[in-house]
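# Structural overview
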Amino acid sequence: MTAPLIAVLGSINMDLVTTTDRRPDPGETVLGRGFAMVPGGKGANQAIAASRAGGLVLFLGAIGTDVFGPQLRAVLTASGVDTTGLRTLDGPSGVASIVVDSAGENSIVVVGGANAELTGLGAADRTAIAAADILLCQLEIPIPTIEEAVRHARDNGTVVMLNPSPAQRLSEELWGLVDVAVVNRGEAEELGGTLDRVPHLVVTLGADGARHRGPDGAETAVTGPAVEVVDTTGAGDTFAGALAVRWSRGPAEALRFACAAGALATTVLGASAAIPSRAEIETALSAAPGSASG
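What comes next concerns the included structure. What you see is a predicted model, and the numbers here were worked out from it, not measured in a lab.

So, about the pattern of salt bridges. Inspection of the entire model under this criterion finds 15 salt bridges. With a shortest N-O distance of 2.4 Å, Glu 28 and Arg 22 are connected by a salt bridge. The residue Glu 282 makes a salt bridge to Arg 246 at a minimum N-O spacing of 2.7 Å. Residue Glu 282 is located in helix H9 (residues 278-287), and its partner Arg 246 is located in helix H7 (residues 235-246); the two are separated by 36 residues in the primary sequence. Residue classification places Arg 246 among the buried positions, given a relative accessible area of 3%. Ionic contacts of the salt-bridge type, sharing partners, join the residues Arg 246, Arg 249, Glu 253, Arg 278 and Glu 282 into one network.

Written out as structure tokens, the structure is:
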């Protein structure tokens, strides 16, 4: 089967990751156990995940003129992502400060940098979106840019997959143009009935896998492989990227594939560094009872 063409519009950051035994309470100082700089950002993570899972991926985003910019571009290129749509804007790149505790849970503060200056689509961006099978977006760049891209995708028959994270209020028009919404449990509760407008709703459930609700209201639940969790950072992004790659094969197969990818991403520290390859995902699937790969 031909690999799907996926245009990912979103953020790219340098993640500054600190590991601790436990995350500090307000006003408290705790000692860290380690520190690493790992390229991340929800958009870049999802682009890398889709590429490593077997998709043909073009990334639309922005980096700054600081020292992080070339490093961020390089990690996309090394993962096979087309970066011709990655702009360089004056000023700093996006950064995220992440604290990970001994249970693998995290707290994150994101500073947008160049991501916050990503306004409007160029002619090349519009051409890429129109040619893609799927447009995959998140909410770490200006909402008007996302709205413009989603309208253009819908006008050209491109499937719109939205990961509305961080959760926030969006226009009814935008929700009406989304084909697939991918949310975690907390986002599903926060957005509530707003998600009823979306034909396909995918909710990630952490260690419990994920579930899908289709246009007819029917639900499908899928579990992922059992793993030893090291760091949950980027697991949801890995799930979304892998889901996009297998979406054309139907929700049930796409969820199995994405659950395996998301689970594997929790076994390594960091976001992009933890994203598995298609071969690793297929191996995990073949080892899971009752699962099949293809």
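Now, onward.
Next up on the list: the nonpolar core. Judged by nonpolar contacts, the single largest core of 45 residues is most densely connected at Ile 6, Met 161, Phe 239 and Leu 243. In terms of residue count, the dominant contributor to this core is helix H8 (residues 251-265) (eight residues). Counting residues in hydrophobic clusters, the runner-up holds 36 residues, among them Ala 149, Val 178, Ala 181 and Val 198.

Their axes nearest at 7 Å, the elements helix H1 (residues 42-52) and H7 cross at an angle of 45°. In this view, H1 runs oblique relative to H7, as classed from their interaxial angle. Every pair of crossing elements has a handedness; the one defined by H1 and H7 is right-handed. Along its contact with H1, which presents Lys 42, Asn 45, Gln 46, Ala 49 and Ala 50, the element H7 presents Asp 237, Thr 238, Ala 240, Gly 241 and Val 245. Across the contact of H1 with H7, the residue classes tally to four nonpolar, four polar and two charged.

Another aspect to go through is the packing of aromatic side chains. What describes a pair of aromatic rings is the distance from one ring centre to the other and the angle between the planes of the rings. Counted by the stated rule, this structure contains zero aromatic pairs. The ring of Phe 257 is capped by Arg 246, whose NZ or CZ atom sits 3.9 Å from the centre of that ring.

Reading the values: the criteria
Residues numbered from 1 in each chain as written. Predicted model: local features only at pLDDT ≥ 70, side-chain atom pairs only at ≥ 80, totals over all residues. Heavy atoms only, no water. Salt bridge = Lys/Arg side-chain N within 4 Å of Asp/Glu carboxyl O. Helix = DSSP H or I, 4+ residues; strand = E, 2+ residues; numbered from the N terminus. Buried < 20%, exposed > 50% of the residue type's maximum accessible area, 1.4 Å probe, protein only. Core = buried A, V, L, I, M, F, W, Y, C linked by side-chain atoms within 4.5 Å. Axes fitted to C-alpha atoms, helices over the stretch in contact; angles between N-to-C directions. Parallel < 35°, antiparallel > 145°, perpendicular 65-115°, else oblique. Left-handed = near helix turned anticlockwise from the far one by under 90°. Contact = heavy atoms within 4.5 Å. Nonpolar A, V, L, I, M, F, W, Y, C, P; charged D, E, K, R; others polar. Phe/Tyr/Trp six-rings, centres within 6.5 Å; stacked < 30°, edge-to-face > 60°. Lys NZ or Arg CZ within 6 Å of the ring centre and 35° of its normal.

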